[in-house]
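The primary structure of each chain is shown beneath.
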Amino acid sequence: MKIAIKGGNKAQRKNVDSLVRFCAGRLMSTRLANTIKLDVILSRTFAKKHGDFGCCEWQDQNYRPKEFKIWVDSKQDPRAFYSTIAHEMVHVKQYARGELKDFSRTIKLCKWKGETIECEKINYYDLPYEIEAHGRERGLFIRWFEQSQWKKCKWAQ
């Protein structure tokens, strides 16, 4: 996996790289992960500008893309920040494996595991791809956290 991380501080960039690699190892095959190019942009103003704490977009093609950008608001508390990274990595997996396909960048229509969904007509928390992402983000974060040296950090207490 080719990862470029912009913004944030040195510690955040190091942790994000570690977490992204951890998530990729749990969510996709090594063969698939090795084809992924990922740009991660850490922004202190993302939530204020966009009303959300994170976003994942494919950059090359809408079916089984291999190039992605993830934006994350770096002003969140550390637990929420790293959980957001894990959440967005689930979306990377969904797109890269062909489970989720947007018909356009505005995401009015998408396909989830072969079924067409009118995304604007369904509550965000009822969208099947968001159910999976929210369900897996916590477990991914906790497993990464437990195997890392970050257990001793102040924010982990």
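Below you will find a few notes about this structure. Each chain has its residues counted from 1, following the order in which its sequence is written. A pLDDT threshold of at least 70 governs which residues receive local features in this predicted model, and a stricter bar of 80 or more applies before side-chain atom pairs are shown or counted, although totals over entire chains, interfaces and linings include all residues. Note that the side-chain values use all heavy atoms of the structure and ignore hydrogens as well as water.

As a further point, take the overall build of the protein chain. Here a helix means four or more residues in a row that DSSP labels H or I, a strand means two or more in a row labelled E, and each is numbered from the N terminus. Secondary structure assignment for the protein chain yields five helices and seven strands. What you see in the protein chain, going N to C, is helices and strands ordered as β-α-α-β-α-β-β-α-β-β-β-α. Scaling as 2.2 N^0.38, a compact globule of 157 residues should have a C-alpha radius of gyration of about 15 Å, and the protein chain matches this with 15 Å. The C-alpha extent of the protein chain, read off along each of the three principal axes, is 45 × 35 × 25 Å. The buried share among the 157 residues of the protein chain stands at 45%. In this description, accessible areas are obtained by the Shrake-Rupley approach with a 1.4 Å probe, and a residue is regarded as covered only by the protein chains that are shown. About 8,900 Å² of surface is accessible on the protein chain, with carbon and sulfur atoms providing 48% of the total. In this description the radius of gyration comes from C-alpha coordinates, and the expected globular size is given by 2.2 Å times residues to the power 0.38. The buried label goes to any residue with under 20% of its type's maximum accessible area, the exposed label to any with over 50%, and the partly exposed label to all in between, with areas taken from a 1.4 Å probe on protein chains only.

Okay, the pattern of salt bridges next. Salt bridges are identified by distance alone: a Lys or Arg side-chain nitrogen within 4 Å of an Asp or Glu carboxyl oxygen. This model, assessed by the stated rule, comprises six salt bridges. Residue E118 pairs with K121 through a salt bridge whose shortest N-O separation is 3.1 Å. Note on E118: relative accessible area 41%, which makes it partly exposed. It is possible to trace a salt-bridge network through shared partners that takes in K93, R97, E99, E132 and R136.

Glancing now at the packing of helix α1 (residues 10–27) against helix α5 (residues 128–147). Their axes nearest at 10 Å, the elements α1 and α5 cross at an angle of 115 degrees. When you trace α1 past α5, the crossing you get is right-handed. Of the residues in α5, those touching α1 at N15, S18, L19, F22, C23, R26 and L27 are R136, L140, R143, W144 and Q147. Here the term charged refers only to Asp, Glu, Lys and Arg, the term nonpolar to Ala, Val, Leu, Ile, Met, Phe, Trp, Tyr, Cys and Pro, and the term polar to all other amino acids, Gly among them. Partitioning the contact of α1 with α5 into residue classes produces six nonpolar, three polar and three charged. Note on geometry: axes are lines fitted to C-alpha atoms, helical ones only across the stretch in contact, with angles between N-to-C directions running from 0 to 180 degrees. Rotating anticlockwise by less than a right angle from the far helix to the near helix defines a left-handed crossing, while the corresponding clockwise rotation defines a right-handed one. In what follows, residue pairs with any heavy atoms lying within 4.5 Å of each other are defined as contacts.

On to the environment of P65, then. Tracing the backbone shows P65 in the loop between β3 (54–58) and β4 (67–73). Between the alpha carbons of P65 and C23 there is a distance of 17 Å; along the sequence they are 42 residues apart. For P65, the contacting residues outside a window of four places in its chain are I36, W58, D60, Y95 and A96.

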